[in-house]
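Inside the fold
Here's the letter readout for the chains.
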Amino acid sequence: MSRGTIEHIDTADQTAQPQVKIALRSVFKVFGDHPEEAVRMVHEGCAKDAIHAKTGCTVGVNNATFDIRAGEIFVIMGLSGSGKSTLLRLINRLIEPTTGEILFDGQDVTKMSKAELIELRRRDMSMVFQSFALLPNRTVLDNAAFGLEVAGVPEAERRRKALVALEGVGLAAYANSRTDELSGGMKQRVGLARALASEPTVLLMDEAFSALDPLIRAEMQDELLRLQSEQSRTVIFVSHDLDEAMRIGDRIAIMQHGVVVQVGTPDEIVTNPANDYVRSFFRNVDVSQVFRAGDIARETQVTVIERKGVSVPAALARMHRHDRNIAIVVGANKKYHGMVSVESLTRAAESGDRDLNTRAFLPEVEPIAATEPLSEVLGRVALSPFPLPVVDEDQRYIGSISKSALLMTLDRSGN
């Protein structure tokens, strides 16, 4: 809880840390005949080019260690040749790692037998590639069901699941159409439906939207976000496009020469880039088009929990003690109730009010939705005499946006 908070919310109301779905621990991938020698040279501090010159080996992934949380969209990005697609394929062992552990729900994928690995891919992991890879001699429904057919799922069940997946991506009406009758964006939706038909807990997407034109690409990004809001799954998305990564990623991993140089939220990476390579990605980014209100909301304001026994005089006393002119009033479950000031509380007290009620609240203070694009709230924050509250979809208070925080965020585009 921040220094200015004057009441502690019950721990039961705190957001639990998401569980780790996939964990990589010291994962290396070396291409060549002498991988052990290459890994040894890495540990000695040798550069990638020097290792290749001596051993003929290429270090594709260098000591990758990070966690991927359940239910997040985790974007892996970097320049061409940075190792991002290799890293993605290590997770489901389409490419065999040289050393290290890849833990899926605590089970080491690198130690799985061939049968266990096939079962994992069938049950929990699906992959969407850049190419549509559709079968032209089959209907949309049969294409969506193809993965289930390969897995040996009975025809009636696989067609039912495929139709549900097509409904999810808005293509149920095209189930009996041929794929050559579809646009590029629709074909990619079929590919996405095929991946979703097996009801995976993890979706691996390798440059899935890169072949689409910009408008259709944005539509597919929106489609992915919509699907995620309806049925959360863990998505690992490889991209070389910064706008795409910032738009859809809950967290981003930046790769350089096979090394994961930084992992963080878009806000964290823009604010504190790990090196000049990362900084160059985010230079001149229009953050007002990328960030949302929830990304920069901060719990720096005093909060008062509205409950029995919290009176106007008590709230005033606490605000004076913390030298604050305004406070956010929330319920015990952190639901936003309103904003008060020393002046509004003083007026309420002078009118004989002791209970903290709506007459003590500042009028016409509308909270900002956490999902609101920053570009849409610039004017409101600029014209407001005080920081504006931000709430999540359940109207829970998550923080406030001040003019200074807004200006600092906008200034980051100059990194």
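Note that this is a predicted model, so its numbers are computed, not measured.

This part covers unusual backbone geometry. The residue E199 is not glycine, and still its phi comes out positive at about 55°. Inspection of the secondary structure puts E199 in the loop between α8 (184–196) and β7 (202–206). Phi at Q395 takes a positive value of approximately 65°, unusual for a residue other than glycine. When you line up the elements, Q395 lands in the loop between β15 (388–391) and β16 (397–401).

In total, this model carries 22 salt bridges according to the counting rule given. Here R93 ties to E96 by a salt bridge, and the two come within 3.0 Å at their closest N and O atoms. Of the charged contacts, one joins D180 and R178 as a salt bridge, the two residues approaching to 4.0 Å between their closest N and O atoms. Residue D180 is classed as exposed on the basis of its relative accessible area of 57%. With relative accessibility at 39%, the residue R178 sits in the partly exposed group.

A few words now on the environment of A382. Mapped onto the secondary structure, A382 falls in helix α17 (residues 374–383). In this structure the C-alpha to C-alpha distance between A382 and Q262, which are 120 residues apart in sequence, comes to 33 Å.

The subject of this paragraph is the sheet that holds β15. In any sheet, the strands associate via hydrogen bonds between backbone groups, in a parallel or an antiparallel arrangement. In space, the three strands of this open sheet follow the order β14-β15-β16, with mixed pairing throughout. This sheet does not close on itself; its edge strands, each paired only once, are β14 (368–369) and β16. Examined bridge by bridge, β14 and β15 share two bridges and lie parallel to one another. The residue of β15 that forms the bridge with I368 is V390.

Here the focus is the UniProt feature "domain: ABC transporter" (unreviewed entry) in the protein chain. If you check UniProt for "domain: ABC transporter" (unreviewed entry), the listed places come out as residues 22–282 in our numbering. Summarising residues 22–282: 42% helix, 24% strand, and an end-to-end C-alpha distance of 27 Å.

Counted by the stated rule, this structure contains two aromatic pairs. Consider the rings of F66 and F74, whose centres lie 5.3 Å apart with planes at 10°: the pair is stacked. As far as burial versus exposure is concerned, F66 and F74 are alike and both buried. For the pair F209 and F237, a centre-to-centre distance of 5.4 Å together with 55° between the ring planes defines the contact as tilted. Of this pair, F209 sits in the loop between β7 and α9 (214–230) while F237 sits in strand β8 (residues 234–239), and the two are 28 residues apart along the sequence.

Here we take up the nonpolar core. Counting residues in each nonpolar core, the largest one holds 60 residues, and the members touching the most others are L192, M205, F237, I254 and F282. At six residues, α8 tops the list of elements feeding residues into this core. Excluding residues that lie within four positions of it along the chain, F237 makes contacts with F74, V75, I76, M205, A208, F209, L224, E244 and I248.

Once that is clear, we can look at the packing of helix α1 (residues 35–43) against helix α2 (residues 48–55). Helix-helix packing is described using two parameters, namely the angle between the two axes and the distance between the axes. In contact at an axis separation of 10 Å, α1 and α2 are set at 145° when each is read in the N-to-C sense. In terms of crossing hand, the pair formed by α1 and α2 is right-handed. Residues E37, A38, R40, M41 and V42 of α1 form the contact with α2, whose participating residues are A50, I51, K54 and T55. Taken together, the residues that form the contact of α1 with α2 break down as five nonpolar, one polar and three charged.

Calculation notes
Starting from 1, residues in each chain are numbered consecutively following that chain's sequence as written. Predicted model: local features are reported for residues with pLDDT of at least 70 only, side-chain atom pairs are reported and counted for 80 or more only, and whole-chain, interface and lining totals are derived from all residues. For side-chain calculations, the full set of non-hydrogen atoms in the structure is used, while hydrogens and water are omitted. A run of H or I in DSSP counts as a helix once it spans at least four residues, and a run of E counts as a strand once it spans at least two, with each numbered from the N terminus. Within this document, salt bridges are pairs made up of a side-chain nitrogen of Lys or Arg and a carboxyl oxygen of Asp or Glu, the two lying within 4 Å of each other. Partly exposed describes any residue whose relative accessible area lies between the buried limit of under 20% and the exposed limit of over 50%, with all areas from a 1.4 Å probe on protein chains only and scaled to the type maximum. The rule for pairing is simple: two strands pair if DSSP sees at least two bridges between them. UniProt positions are given in the numbering used here, feature names are shortened, and annotations may be inferred rather than shown by experiment. By convention, a stacked pair of Phe, Tyr or Trp rings (six-membered ring in the case of Trp) has centres within 6.5 Å and planes under 30 degrees apart, an edge-to-face pair has planes over 60 apart, and any other such pair is tilted. Note on terminology: a nonpolar core comprises buried Ala, Val, Leu, Ile, Met, Phe, Trp, Tyr and Cys residues joined through side-chain atoms within 4.5 Å. We call two residues in contact when some of their heavy atoms are within 4.5 Å. All axes are obtained by fitting lines to C-alpha atoms, using only the stretch in contact for helices, and the reported angles, taken between N-to-C directions, cover 0 to 180 degrees. Handedness of each helix crossing follows the sense of rotation of the near helix against the far helix: counterclockwise by less than a right angle gives left-handed, clockwise gives right-handed. Ten residues, namely Ala, Val, Leu, Ile, Met, Phe, Trp, Tyr, Cys and Pro, are considered nonpolar, four, namely Asp, Glu, Lys and Arg, are considered charged, and the remaining ones, Gly among them, are considered polar.

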